[in-house]
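Results of the structural survey
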Amino acid sequence: MSKLLFLSFFKKKKPAATKPKTTSPTVTKPKKSNEEIAKRKGELGEYKIDIQLDQLPKEYRHLSDLMLHNPKAKSDYSQIDHVVITPYGIFTIETKNYQGTIYGGKDRKTWLVNGKFKMMNPFVQNYGHIEALKRTIDKSYHDTFISMVSFTKRCTFKVDLDYRHILSDELIVYDVELSDFIHRKVSVLKIQHNEPLLTEQDIASIHHTFTEANIIDSKLREEHTRALKDNTSSALPSPSSTCTICNKSVSDKVTKFCLANKKFAGKIYCYEHQKGVLN
C-alpha cells in the first residue's frame, strides 16, 4: 500500500481544463460625417466664446443665438450669434468656424478662404443683423453699435488692416481674444466720451427688448436654416472674379495672386492694371 502511495506521488497531474477563449466581435464606430464634425467644432467654438462673455463685467448684458424677424433678409429672419450690451456700445458678434487663410477687404462682397472657397463678406452679413436689431429699439441707440467678426485660431488673416485697429467700429478678432478686444474698445470709447452712452436702465431695457423679440419657435428656426441652405448658392455671385478697374473677368490664378499681394490691398486687378499698381 505504501508502495502505491509512493508511486502515485510522482504521477503527473493532468492540467486543469481551460475554457476556450471567446473573442468578442469588434464594434467599429461609424465615422462622423464632415457636417457632424463641423457642427461639433462650431459647438466647441461657441462654448469658448460663452465662457468669455460670462466673465465680462456684471453691468454688461449679453445674449446668444438670437433670431429676429427681418423683412430684408431672404429667409425673412436674421440669426445673430452674440450681442453684448455695454455702457459704451452694443457689440454684435458674428462667429465663423473656418480653417485656413482668410482673404478679404471692405469693398469686397465675397471673401476667400485659402484663396479658392468663397464666403459672404461677414461684415456685410453682420450689417444685416445690426439693422434687424435696430428695428426693435429706439433710434437714439442706433449709433452705439459695433460690428465684430470672430474666427478660430485655425485661421490666418489677410484682410484690411483697419479691421484690426481698435478705433474701428468693424473689428475682426480670433475667438480667444474676443473679450480682450471688447475691453479695449470700451476703454477707447470711455476716452472719447465723458459719460456712458447707455445708462444701467438703458442696458436693461435694450436687453429686455432683444429677449422679447427673439424667436424661439423650433419650427420657424428649422425653416430659417433650410432657407439659408437653399439660398447659399444664389446668395454668392458667379465664380469668376472681375478687375476692380475695368470689370474684366480674371482667372482664379490671377485672383489668388492679387489677394496674396499686400500692394493690392485685397482688390482684384487684371494683368494690364496690375502693372499700374505695382509700378
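For clarity, every value in this text was computed on a predicted model and none was experimentally measured. (Residues numbered from 1 in each chain as written. Predicted model: local features only at pLDDT ≥ 70, side-chain atom pairs only at ≥ 80, totals over all residues. Heavy atoms only, no water.)

1. A short note on the overall build of the protein
On a plain count of helices and strands, the protein comes out with 8 helices and 11 strands. Looking at the protein as a whole, 40% of its 279 residues are labelled buried. For the protein, the share of sequence-separated contacts (at least 6 apart) that also reach a separation of at least 24 residues comes to 59%. Carbon and sulfur atoms make up 54% of the accessible area of the protein, which totals about 18,300 Å². (Helix = DSSP H or I, 4+ residues; strand = E, 2+ residues; numbered from the N terminus. Buried < 20%, exposed > 50% of the residue type's maximum accessible area, 1.4 Å probe, protein only. Contact = heavy atoms within 4.5 Å. Areas by Shrake-Rupley, 256 points an atom, 1.4 Å probe, with all protein chains shown as cover.)

2. Quick word on the pairing of strand E8 (residues 155–159)
One face of the sheet, then the other: side chains in a regular strand alternate in exactly this way. Only one face of E8 is buried: it carries Cys155, Phe157 and Val159, and the other face, with Thr156 and Lys158, is open. Bridge analysis of strand E4 (residues 100–104) against E8 gives 5 bridges, and the strand direction is parallel. The residue of E8 that forms the bridge with Thr101 is Thr156. (Pairing = 2+ DSSP bridges.)

3. Some thoughts on the confidence of the model for the protein
Mean pLDDT over the protein works out to 84, with 80% of the residues at or above the 70 mark. Confidence drops under a pLDDT of 50 for residues 233–239, and excluding neighbours within four residues, the segment shows 11 contacts in the predicted structure. (pLDDT = per-residue confidence, 0-100.)

4. What about the pattern of salt bridges?
Tallying each qualifying case throughout the model produces 6 salt bridges. Close ionic contact of Glu94 with Lys96 constitutes a salt bridge, the shortest N to O distance being 3.2 Å. Each member of the pair, Glu94 together with Lys96, is buried. Lys106 is paired through a salt bridge with Glu170; the nearest N and O atoms lie 3.3 Å apart. (Salt bridge = Lys/Arg side-chain N within 4 Å of Asp/Glu carboxyl O.)

5. Description of the side chain of Gln274
Along the chain, Gln274 falls in helix H8 (residues 271–278). A polar atom in the side chain of Gln274 sits 3.0 Å from the backbone oxygen of Tyr269. In this structure Gln274 touches Val254, Phe257, Cys258, Phe264 and Tyr269, once residues within four positions along its chain are discounted. (Polar contact = N/O pair within 3.5 Å; in protein donor to acceptor, adjacent residues only side chain to side chain.)

6. Some words on the sheet that holds strand E5 (residues 110–113)
Taking strand neighbours across the sheet as the criterion, the 4 strands line up as E6-E5-E4-E8 in an open arrangement whose pairing is mixed. Of all the strands in the sheet, the pair left with one neighbour each is strand E6 (117–120) and E8. Direction aside, neighbouring strands of the sheet carry axes that sit 25° apart on average. (Axes fitted to C-alpha atoms, helices over the stretch in contact; angles between N-to-C directions.)

7. Remarks on the nonpolar core
Among the nonpolar cores identified, the biggest contains 19 residues, and Leu53, Val84, Phe91, Ile93, Met148, Leu178 and Ile182 are the most heavily contacted of them. Secondary-structure elements contributing two or more residues to this core are helix H2 (34–54), strand E3 (89–96), strand E7 (145–151), strand E9 (170–174) and helix H4 (178–192). Of the residues forming this core, the biggest block, 6 residues, is contributed by H4. When near neighbours in sequence (up to four residues on either side) are disregarded, Phe91 contacts His82, Val83, Val84, Thr86, Ile146, Met148, Ile182, Lys185 and Val186. In terms of nonpolar packing, the next biggest core, distinct from the first, is built from 17 residues, Val83, Ile90, Leu198 and Phe210 among them. (Core = buried A, V, L, I, M, F, W, Y, C linked by side-chain atoms within 4.5 Å.)

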